[in-house]
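Each chain is listed here by its residues.
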Amino acid sequence: MGSHPESKDSLPAPVTPAGRDALEAILTRPTHTVVALDFDGTLAPIVPDPDRARAHPDAVPALAALAPKVASVAVVTGRPAGVAVRHGGFAGVAGLEHLVVLGHYGAERWDAVSGTVTAPAPHPGVAAVRAELPGFLDGIGAWQGTWIEEKGRAVAVHTRRAADPQAAFEALREPLGELAARHGLIVEPGRMVLELRPPGMDKGVALMEYVREIGAEAVLYAGDDLGDLPAFAAVDKLRSDGIPGLLVCSGSSEVAELADRADLVVDGPAGVVRLLAALAAHLS
């Protein structure tokens, strides 16, 4: 859908009228703009082992160049906030003194100003599911090729290492949904991963609350996965309220639904970083 920058400093053109209006608003009113970004698949390339995921090497320099020119930069992620900070290398960076990381879909928050994470008490259902999952997966014959990721306030089952990752993913959706419901949790599907987590928070809720807290007059949101669809919906709602929004998809053939709804599709984390750097250059 989208076009790519022709050079380091050229801005790609959104393919929708709403996207073009939003980009113009961002360029005109940068100090009233919130730039919000997913982490995995958007700022960091997707890797088989999430513990090895790290931000694109140019991500922090691009964010540090852009952040002082806009109202706020926020990373919105399903990961624990502290993990995203470590894997992103966001702490103690000149230019990112006011960065905010909204972790666990907004249930946790890390502010660069204080360097601390704030969070409510964890949901008891997560501990119960964590204890039950190994035997549960074994009992339904789904242990082979799947693996469990501990996420503190959530627990995830990955199928990327299975012989047929998509088939394993589809086979697990219903039984994991039933397991989650039994413990008062919901299942959030992603790219070959099913995350069991508490209800009531998603990236859309987190983004909407943060944009209103800042009093932003324009917003850019970039994501790559099904978990980013609520944030896309939040931007649609903000648009209907008169706040221009630019929807960016960090290109992936695995999540066509996101690309179809985006104003601009870029070439994965490298494309996101080029877009951030180009925005910073234009605002200099």
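Data block above holds the structure.
Predicted, not measured: the structure shown is a model, and the values here were computed from it. (Residues numbered from 1 in each chain as written. Predicted model: local features only at pLDDT ≥ 70, side-chain atom pairs only at ≥ 80, totals over all residues. Heavy atoms only, no water.)

Caption draft 1: Examining the sheet that holds strand 1 (residues 33–37) more closely. Read from one edge to the other, the open sheet built from 8 strands follows the order 5-4-3-2-1-10-11-12, with strand pairing classed as mixed. Only two strands of the sheet have a single neighbouring strand rather than two, namely strand 5 (116–118) and strand 12 (264–266). When strand polarity is set aside, the average angle formed by the axes of neighbouring strands in this sheet is 20 degrees. The pairing of strand 3 (residues 100–103) with strand 4 (residues 108–111) spans 4 bridges and is antiparallel. Bridge pairing links Leu 102 to Arg 109 in strand 4. (Pairing = 2+ DSSP bridges. Helix = DSSP H or I, 4+ residues; strand = E, 2+ residues; numbered from the N terminus. Axes fitted to C-alpha atoms, helices over the stretch in contact; angles between N-to-C directions.)

Caption draft 2: How the structure looks around the sheet that holds strand 6 (residues 147–150). In space, the 4 strands of this open sheet follow the order 6-7-9-8, with antiparallel pairing throughout. The open sheet has two free edges, formed respectively by strand 6 and strand 8 (186–189), since each of these has just one partner strand. Taking the axes of each pair of neighbouring strands and ignoring which way they run, one obtains an average angle of 25 degrees across the sheet. Strand direction decides the pairing type here: strand 6 and strand 7 (residues 155–158), joined by 4 bridges, are antiparallel. Across the sheet, residue Glu 149 finds its bridge partner in strand 7, namely Ala 156. Of the strands in this sheet, strand 7, strand 8 and strand 9 (193–197) are in contact with helix 5 (residues 165–182), which crosses strand 9 at around 5 degrees. (Contact = heavy atoms within 4.5 Å.)

Caption draft 3: Focus on helix 5. Helix length check: helix 5 (18 residues) gives 25 Å between terminal C-alpha atoms against 26 Å at 1.5 Å per residue, within 8%. In the structure, helix 5 departs most strongly from a straight axis at Arg 173, where the bend amounts to approximately 35 degrees and where the proline Pro 175 lies between one and four residues downstream. All of the buried residues along helix 5 are Ala 168, Phe 169, Leu 172, Pro 175, Leu 176, Leu 179 and Ala 180. Turning to helix 5, the residues buried within the fold contact helix 4 (124–139), strand 7, strand 8 and strand 9. A positive phi of about 75 degrees marks Gly 184, the residue just after helix 5. (Expected span 1.5 Å × (residues − 1). Bend = angle between axes of the 7 residues up to and from the residue. Buried < 20%, exposed > 50% of the residue type's maximum accessible area, 1.4 Å probe, protein only.)

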